[in-house]
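Structural overview for review
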Amino acid sequence: MDAHGSQPAAAEHAHPSSGLYVKIGLVLFVLTALEVGLYEFTYGEHSGATGHALQPFFVPLLLALSAAKFALVAMFYMHLKQDSRLFSGVFVFPLIIATVVILALIALEAYHFAFARGG
Amino acid sequence: MSDHAAAAHPETATGLDSRKLAIWTFIGSECLFFATLISNYLVHKETWLSGPGPFPHEVWKSPAGQVFEPIIEIPLVTLGTAVLLFSSLFVVLALASAQRGNRRGLLTWLAATLLCGFFFVGMQVYEFTHFVHKGLTLKTNLFGASFFVLTGFHGTHVTIGVIWLLTLWILALRGKLPAEKSLNLEIAALYWHFVDVVWVVIFPVVYLIK
């Protein structure tokens, strides 16, 4: 199963301590609570005038919170902060392409929608 | 390049463990796979060719007067999201235990990860069943098709991750996952974290953004 079983995998690059893992976990939980809180505040049953005013910023705020969670998991739990930069490159390069693909398709659809409506 | 990687695997051209490079390459390809599914969802979520229109967040009334209630249950999915995030914490704690040779810690944290995985899969099965009972199926409209394909593929990934981690838990129980072989768990944990970060994107995109 392990071709390199005799090698000192346990003595790997310095991974974060368990305490840091727990702190990151709590931050991730708080960020998720903020996402749902933001939704309730903006679109929930009791959203008021302030919530209504927040609606144009809702998606960018939500995406920023999501990106923060993504980065925390990738950097600390997936150890990209400590591991070889080659791993970061192998992950980040397709991630950039993936983001461009999503944005390009949304832009294309928005253009098509506007064109179809005579915009 | 990390010192460890160079020291532990000098026989490879990169100085890195080929298995770890392979899982990162696989994860990179998975980014593109999920990007296509997310794009598909975003493009089609407000489009339908037949059947009831999309009704995930708001009441929708068909031209025939039929009323469809909103079906997305944000509290339940939020709980599932939190559980999946905690499972990522538990799996790194399991890995830290494995690397220290702490078999008891490894078994405990890995079992906690598995419980979270089972909960998430169960939540998704419940959610899908609930949607079907409410009238939203894969064939109902383009929202239904893109929703089920996106979340279904993610659920399949979670299920595969649960099976993988369960296999490692059984190996650890039999004493066949010593500290020297902790890389086997690290590779599985990388896959599990990826499944988690994909959900970090899917959750707001599908459930929170109207």
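Residues numbered from 1 in each chain as written. Chains lettered and ligands numbered in written order. Predicted model: local features only at pLDDT ≥ 70, side-chain atom pairs only at ≥ 80, totals over all residues.

1. Some points on the overall build of chain B
Selection rule: Secondary structure follows DSSP: runs of H or I at least 4 residues long count as helices, runs of E at least 2 residues long count as strands, and numbering of each begins at the N terminus. Any residue with 12 or fewer other C-beta atoms within 10 Å of its own C-beta is exposed, any with 20 or more is buried, and the rest are partly exposed; the C-beta atoms used are placed from the backbone. Contact between two residues is assigned whenever their backbone-derived C-beta positions fall within 7 Å.
From N to C terminus, chain B includes six helices and two strands. Helices and strands in chain B line up, N terminus first, as α-α-β-β-α-α-α-α. The buried share among the 210 residues of chain B stands at 44%. In chain B, of all internal contacts separated by at least 6 residues, the share reaching a separation of at least 24 is 69%.

2. Comments concerning the packing of helix α3 (residues 74–100) of chain B against helix α6 (residues 182–208) of chain B
Residues and elements named next belong to chain B. Short version of the rule: Note on geometry: axes are C-alpha line fits, over the in-contact stretch for helices, and angles between N-to-C directions span 0 to 180 degrees. By definition in this entry, angles of less than 35 degrees are roughly parallel, angles greater than 145 are roughly antiparallel, angles of 65 to 115 are roughly perpendicular, and the rest are oblique. What makes a crossing left-handed is the near helix being turned counterclockwise from the far one by less than a right angle; a clockwise turn instead makes it right-handed. Each residue gets one label: Ala, Val, Leu, Ile, Met, Phe, Trp, Tyr, Cys and Pro are nonpolar, Asp, Glu, Lys and Arg are charged, and the others, such as Gly, are polar.
Close contact between α3 and α6 brings their axes to 10 Å; oriented N to C, the two are set at 160°. Taken together, the axes of α3 and α6 are roughly antiparallel relative to one another. In the crossing of α3 with α6, the sense of the turn from one axis to the other is left-handed. Of the residues in α6, those touching α3 at Ile-74, Val-77, Thr-81, Leu-84, Leu-85, Ser-88, Val-91, Val-92, Ala-94, Leu-95, Ala-98 and Gln-99 are Ser-182, Leu-185, Glu-186, Ala-189, Trp-192, His-193, Asp-196, Trp-199, Phe-203 and Tyr-207. Taken together, the residues of the contact of α3 with α6 sort by class into 15 nonpolar, five polar and two charged.

3. Digging into the packing of helix α2 (residues 18–44) of chain B against α6(B)
Packed helix pairs are specified by the crossing angle of their axes together with the interaxial distance, meaning the distance between the axes. Residues and elements named next belong to chain B. Where α2 meets α6, the closest approach of the two axes is 11 Å, and the angle between their N-to-C directions is 15°. Considered as vectors, α2 and α6 are oriented roughly parallel to each other. In this structure, α2 meets α6 at a crossing whose hand is right-handed. For the pair α2 and α6, the contacting residues are Arg-19, Lys-20, Ile-23, Ile-27, Glu-30, Phe-34, Ile-38, Tyr-41 and Leu-42 in the first and Leu-183, Ile-187, Leu-190, Tyr-191, Phe-194, Val-198, Val-201, Val-205 and Val-206 in the second. Grouping the constituent residues of the contact of α2 with α6 by class yields 15 nonpolar, no polar and three charged.

4. Notes on the confidence of the model for chain B
All names here are of chain B. Applicable threshold: pLDDT expresses, on a scale from 0 to 100, how confident the predictor is about each individual residue.
The predicted model of chain B averages 88 in pLDDT, with 90% of residues at 70 or higher. For chain B, per-element mean pLDDT is lowest for helix α1 (residues 3–8), which scores 43, and highest for helix α5 (residues 142–173), which scores 96. Across residues 1–7, where pLDDT falls below 50, the model places 19 contacts with residues more than four positions away in sequence or in other chains. Two summary scores accompany this predicted model of the complex, namely pTM at 0.88 and ipTM at 0.85.

5. Regarding the interface of chain B and chain A
Listed by partner, the interface residues are 53 residues for chain B and 50 residues for chain A. In terms of residue count, the dominant contributor to the side of chain B that touches chain A is α2(B) (14 residues). Here the residues of the side of chain B that touches chain A are counted per class, giving 30 nonpolar, 17 polar and six charged.

6. A look at the nonpolar core
Worth spelling out the cut-off: A set of buried Ala, Val, Leu, Ile, Met, Phe, Trp, Tyr and Cys residues, joined to one another through C-beta atoms within 7 Å, is what we call a nonpolar core. Residue ranges assigned to the domains are those given by an automatic or database domain assignment.
Counting residues in hydrophobic clusters, the biggest one holds 72 residues, and the most contacted among them are Ala94(B) and Leu110(B). Elements that contribute at least two residues to this core include exactly α1 (18–43), α2 (49–77) and α3 (85–116) of chain A together with α2, α3, α4 (103–134), α5 and α6 of chain B. Residue contributions to this core peak at 17 residues, all from α6(B). Each of domain 1 (15–81) and domain 2 (84–119) of chain A gives at least three residues to this core. Not counting residues within four places of it along the chain, the set of residues in contact with Ala94(B) comprises Leu106(B), Trp109(B), Leu110(B), Thr113(B) and Leu185(B).

7. A few points about α2(A)
The criterion, for reference: A helix's residues, less one, multiplied by 1.5 Å, set its expected span. Across the chain, bend at a residue is computed as the angle between axes fitted to the seven residues ending at that point and the seven starting from it.
Here α2(A) contains 29 residues, and its C-alpha end-to-end distance of 39 Å stays within 8% of the 42 Å for a straight helix at 1.5 Å per residue. If you look at α2(A), its biggest bend is around 65°, right at Pro56(A). Residues of α2(A) that are buried include every one of Leu62(A), Ser66(A), Lys69(A), Leu72(A), Val73(A), Ala74(A), Phe76(A) and Tyr77(A), and no others. For α2(A), the elements touching its buried residues are α1 of chain A together with α3 and α6 of chain B. Once α2(A) finishes, His79(A) follows within two positions and takes phi at roughly 65°, a positive value.

8. Some thoughts on the environment of Ile27(B)
Turning to its location among the elements, Ile27(B) is positioned in helix α2. C-alpha separation for the pair Ile27(B) and Thr159(B), spaced 132 residues apart in sequence, amounts to 16 Å. Apart from the residues within four sequence positions on either side, Ile27(B) is in contact with Phe91(A), Leu190(B) and Phe194(B).

9. A few points about the confidence of the model for chain A
All names here are of chain A. Of all residues in chain A, 86% have pLDDT values of 70 or greater, and the mean over the chain is 84. The spread of mean pLDDT over the elements of chain A runs between α3, the lowest at 90, and α1, the highest at 92. Note that pLDDT drops below 50 for residues 1–12; the model gives that stretch 25 contacts with residues more than four away or on any other chain.

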